[in-house]
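In case you want the letters, here they are:
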Amino acid sequence: VEPDVVFGLIDNGFLAIFALIGADLAGVLGAIIGGLVGNTVTDGFAGIFEGYSAERLRKNRITEKRTALSSAVGKMAGCLFGAGIVLFSAWLIQIF
């Protein structure tokens, strides 16, 4: 599950950053475009880290028992963590 959480964390963390930048530059349409571009870029980027995590587990002879459900839940959890961290940080920046 760790590789899936890493994927989701990176994927949605950077996606939220792209969406916030797009919203700041061009409003709602900018947020949508920023989200689409960000999602495309971060899927590939996060996939590298997911693969690295999986390879590290295999190298250390840690057996992976990922199923479709555990992989999906891991990615969802990571996505929520990543977006939450970015949005909370953006909120803190606005306060100060």
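Everything below is about the structure printed above this text.
Residues numbered from 1 in each chain as written. Predicted model: local features only at pLDDT ≥ 70, side-chain atom pairs only at ≥ 80, totals over all residues. Heavy atoms only, no water.

S.K.: How do you make sense of helix H2 (residues 68-95) when you look at a structure like this?
M.R.: Side chains three or four residues apart in an α-helix point the same way, a direct result of the helix having 3.6 residues per turn. With 28 residues, H2 extends 41 Å from end C-alpha to end C-alpha; this agrees with the ideal 40 Å at 1.5 Å per step. Of the surrounding secondary structure, the elements contacted by the buried residues of H2 are helix H1 (2-59). (Helix = DSSP H or I, 4+ residues; strand = E, 2+ residues; numbered from the N terminus. Expected span 1.5 Å × (residues − 1). Contact = heavy atoms within 4.5 Å.)

S.K.: Would you explain the packing of aromatic side chains in this entry?
M.R.: Here a ring pair, both rings aromatic, is described through the centre-centre distance and the interplanar angle of the planes. Scanning the model with the defined rule gives three aromatic pairs in all. Aromatic side chains Phe14 and Phe45 sit 5.8 Å apart centroid to centroid with 90° between the ring planes, which places their arrangement in the edge-to-face category. When its relative accessible area of 37% is taken as the criterion, Phe14 is described as partly exposed. Pairing Phe45 with Phe49 gives two aromatic rings, centres 5.1 Å apart and planes at 70°, and the pair type is edge-to-face. Remark: Phe49 and Phe45 occur in helix H1; sequence separation between them is four residues, near one turn of the helix. A residue is classified by how much of its surface remains accessible, and Phe45, at 38% relative accessible area, is partly exposed. (Phe/Tyr/Trp six-rings, centres within 6.5 Å; stacked < 30°, edge-to-face > 60°. Buried < 20%, exposed > 50% of the residue type's maximum accessible area, 1.4 Å probe, protein only.)

S.K.: I tried to follow the packing of H1 against H2 on my own but got confused; where do I start?
M.R.: A pair of packed helices is captured by two measures, namely the crossing angle of their axes and the spacing between those axes. Packing of H1 against H2 brings their axes to within 12 Å, and their N-to-C directions diverge by 135°. One element, H1, and the other, H2, form an angle in the oblique class. When the axes of H1 and H2 are compared, the crossing they make is right-handed. Within the contact of H1 with H2, the residues separate by chemical class into 13 nonpolar, eight polar and four charged. (Axes fitted to C-alpha atoms, helices over the stretch in contact; angles between N-to-C directions. Parallel < 35°, antiparallel > 145°, perpendicular 65-115°, else oblique. Left-handed = near helix turned anticlockwise from the far one by under 90°. Nonpolar A, V, L, I, M, F, W, Y, C, P; charged D, E, K, R; others polar.)

S.K.: Would you mind showing me how to read the environment of Glu64 here?
M.R.: Checked against the element boundaries, Glu64 lands in the loop between H1 and H2. On the accessibility criterion, Glu64 (26% relative accessible area) is partly exposed.

S.K.: Would you take a moment to explain the pattern of salt bridges for this structure?
M.R.: A side chain of one charge can pair with a side chain of the opposite charge when the charged atoms of the two come close. Within this structure, the stated rule accounts for five salt bridges. For Arg66, the salt bridge identified is with Asp4, shortest N-O distance 2.8 Å. Here the residue Arg66 occupies a position in the loop between H1 and H2, and Asp4 occupies one in helix H1, the gap between them amounting to 62 residues. A salt bridge links Lys75 to Glu50; the shortest N-O distance between them is 2.9 Å. In this pair, Lys75 is assigned in helix H2 and Glu50 in helix H1, connecting sequence segments 25 residues apart. Given the relative accessible area of 16%, Glu50 is considered buried. (Salt bridge = Lys/Arg side-chain N within 4 Å of Asp/Glu carboxyl O.)

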